[in-house]
Amino acid sequence: MTDQDVAVATTSNDNDAERSERSVAEQLVEQARADGVDLVGPGGLLSSLTKQVLETGLEVEMEEHLGYKKHAAEGRNGDNSRNGTRSKTVITEIGPVDLDVPRDRDGSFEPKTVKKRQRRLDGVDSMVISLTAKGLTTGEVEAHLMEVYSTEISRETISKITDRVLEEMADWQNRPLDRVYPVIFIDALVVKIRDGQVANRPVYAAIGVTVDGKRDILGLWVGTGGEGAKYWLQVLTEIKNRGVEDACMVVCDGLTGLPESIEATWPLAIVQTCVLHLIRNTFRLASRADWDKMAKDLRPVYTAVNEADAASRLDDFHQVWGAKYPAIKGLWSRAWPEFVPFLDYSPEIRRVIYSTNAIESLNARFRRATRARGHFPNEQAAMKCLYLVVRSLDPKGTGQERWMNRWKPALNAFAITFEGRLF
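Rules behind the numbers
- Residues numbered from 1 in each chain as written.
- Predicted model: local features only at pLDDT ≥ 70, side-chain atom pairs only at ≥ 80, totals over all residues.
- Heavy atoms only, no water.
- pLDDT = per-residue confidence, 0-100.
- Helix = DSSP H or I, 4+ residues; strand = E, 2+ residues; numbered from the N terminus.
- Axes fitted to C-alpha atoms, helices over the stretch in contact; angles between N-to-C directions.
- Parallel < 35°, antiparallel > 145°, perpendicular 65-115°, else oblique.
- Left-handed = near helix turned anticlockwise from the far one by under 90°.
- Contact = heavy atoms within 4.5 Å.
- Nonpolar A, V, L, I, M, F, W, Y, C, P; charged D, E, K, R; others polar.
- Buried < 20%, exposed > 50% of the residue type's maximum accessible area, 1.4 Å probe, protein only.
- Arc of directions from axis to C-beta.
- Pairing = 2+ DSSP bridges.
- Phe/Tyr/Trp six-rings, centres within 6.5 Å; stacked < 30°, edge-to-face > 60°.
- Core = buried A, V, L, I, M, F, W, Y, C linked by side-chain atoms within 4.5 Å.
- 1 Å grid on protein atoms, 1.4 Å probe; cavity = no way out; pocket = protein on both sides within 12 Å on 5 of 7 lines; lining within 4 Å.
- Points joined across faces, edges and corners; volume = space filled by probe spheres on them.
- Salt bridge = Lys/Arg side-chain N within 4 Å of Asp/Glu carboxyl O.

So, about the confidence of the model for the protein chain. Here the protein chain shows a mean pLDDT of 84. Residues at 70 or above account for 87%. No element of the protein chain has a lower mean pLDDT than helix α1 (residues 3–34), which averages 57, and none a higher one than helix α7 (residues 229–241), which averages 95.

Okay, here's the thing in structure tokens:
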């Protein structure tokens, strides 16, 4: 028999099994409808099937534990044997299910299907964590579970479920990192934390693009006061201590003192101001009615072939808009030293470093999750919320795959520009 014959036979068997399963499901649905039983909800078909499956699994475990089947003669020899059942209600993904759990006489039975003292299946905990990561408060999660699944879980229990990620979060925050990153994006967002009184606290975030093109969230750090270059130096030093010996480029906003902090950490790193941030700050100084025209006039500046060309284009821009908006000239003058490195690179690198969109999209998810809460009782609660968002990002990996597929031309450009530093 050839490999092709085996493949055809396997496919045929799979199709037969699928048809058989579908036939059984159709029979169950027809029977449920005939009996007037709902498919879902308390007492519905899915609840009954879940009860049968779980109880069957428990019964099989008891047979393996005792070494004989139910009602078999071997159970009458005076050794450990069955001792009836006990009632137990477990919360599942489809709602509460009442089970009859088998017992043995000496109490040595330790089931794995539904463990002793377990009141929720693992899928319920995953559901609670997923809902919390999407921005729902504990009260909203409680109401959702009651409304959709007729399941009552208190806010305290929900909080305890999400607390299980704290140890995982600590491991993630301290994990070793790659030796070198072609690009690191850094930015901060503000959350409200109650520490005696409610105050705005910066949360520092860093995303590194690996040599393979994977976007890796390097960590999250809660600071005090406003965003500052001094605290950024602590953050960057910690990243370096976790194994990052070099970064080719660090893309950031125009925070005063930040380039010096980056240079102190990685002396060879190129500090690149986020061009999109610079353009947005330009628009803030202008009337909205002029934004479209200004955007058209600014484009030749950041698409210029070199610094001289960009300076000439910027002069043209100031001749048109300088009299109406004189503050814009000062903005570009201050940002120019960190802007011009952008002009030295190929279009492939420019597309990667043009903006901090990678980290801004992350911040948008963070803000969505924190907005509903108003403020957090402490720093740990804020970090837990943000980490749950990190866990829920791109669950299917399609975003990473798209990014990595577009990364190869940029990697070649980085390898040539920063020769000997990536490999």
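Okay, back to it.
Contact geometry for helix α11 (residues 307–321) and helix α12 (residues 327–339): axes closest at 11 Å, N-to-C directions at 165°. Of the possible angle classes, the one that applies to α11 and α12 is roughly antiparallel. The element α11 and its partner α12 pack so that their crossing is left-handed. Packed against α11, whose contacting residues are E307, A310, A311, L314, F317 and H318, the element α12 presents I328, K329, W332 and W336 at the interface. Taken together, the residues of the contact of α11 with α12 sort by class into seven nonpolar, one polar and two charged.

Considered for burial, the residues of helix α6 (residues 165–173) that qualify are V165, L166, M169, W172 and Q173. With its buried residues spanning 120° around the axis, α6 presents them on a single face. Turned more than 90 degrees off the buried face of α6, the exposed positions are E167 and D171. Considering only its buried residues, α6 is in contact with α3 (122–133), α5 (155–163), β5 (215–222), α7 and α15 (379–392).

Spatial strand order, β5-β4-β3-β6-β7: five strands in an open sheet with mixed pairing. Since the sheet does not close on itself, it has two edges, and those belong to β5 and β7 (270–273), each with one partner. Across the sheet, the axes of successive neighbouring strands diverge by a mean angle of 25°, strand direction being ignored. In this sheet, β5 lies alongside strand β4 (residues 197–209) in antiparallel orientation, the contact comprising seven bridges.

For the structure shown, the criterion picks out 11 aromatic pairs. Members of the aromatic cluster, connected to one another through ring pairs, are W332, W336, F339 and F342.

Let us now look at the pairing of β5. A large share of β5 lies buried, amounting to seven of its eight residues. Counting the residues in the hairpin turn of β4 and β5 gives five residues, including G213, whose phi is positive at 90°.

Once that is clear, we can look at the nonpolar core. Counting 85 residues, the largest nonpolar core has L220, W332, F339, I353 and F414 as the members making the most contacts within it. A total of nine residues in this core trace back to one element, the largest contributor, which is α15. Setting aside residues up to four positions removed in sequence, F414 forms contacts with P182, V183, M249, I349, W407 and L422. Formed by 22 residues, the second largest nonpolar core is a distinct cluster that contains Y204, A247, A269 and V271.

So, about the layout of surface pockets. Here the largest pocket defines a volume of roughly 660 Å³. Contributing elements (two or more residues each) for the lining of the largest pocket: β5, α14 (357–371) and α16 (398–405). No other element matches α16, which puts five residues into the lining of the largest pocket. Taken together, the residues of the lining of the largest pocket break down into eight nonpolar, five polar and eight charged. For the second largest pocket, the lining is made up of 19 residues, of which D253, G254, L255, T273 and N281 are closest to its centre.

A full pass over the atoms with the stated rule returns 10 salt bridges. Notably, a salt bridge pairs E168 with R391, separated by 2.7 Å at the nearest N-O pair. Here E168 is found in helix α6, whereas its partner R391 is found in helix α15, with 223 residues between them in sequence. A relative accessible area of 33% means that E168 is categorised as partly exposed.

This next bit is on the pairing of β4. Bridge count for strand β3 (residues 180–195) against β4 is 13 bridges, and the pairing is antiparallel. Paired with K192 across the two strands is N200, which belongs to β4. Remark: one residue form the turn of the hairpin made by β3 and β4, two consecutive strands paired antiparallel; G196 in that turn has positive phi of roughly 85°.

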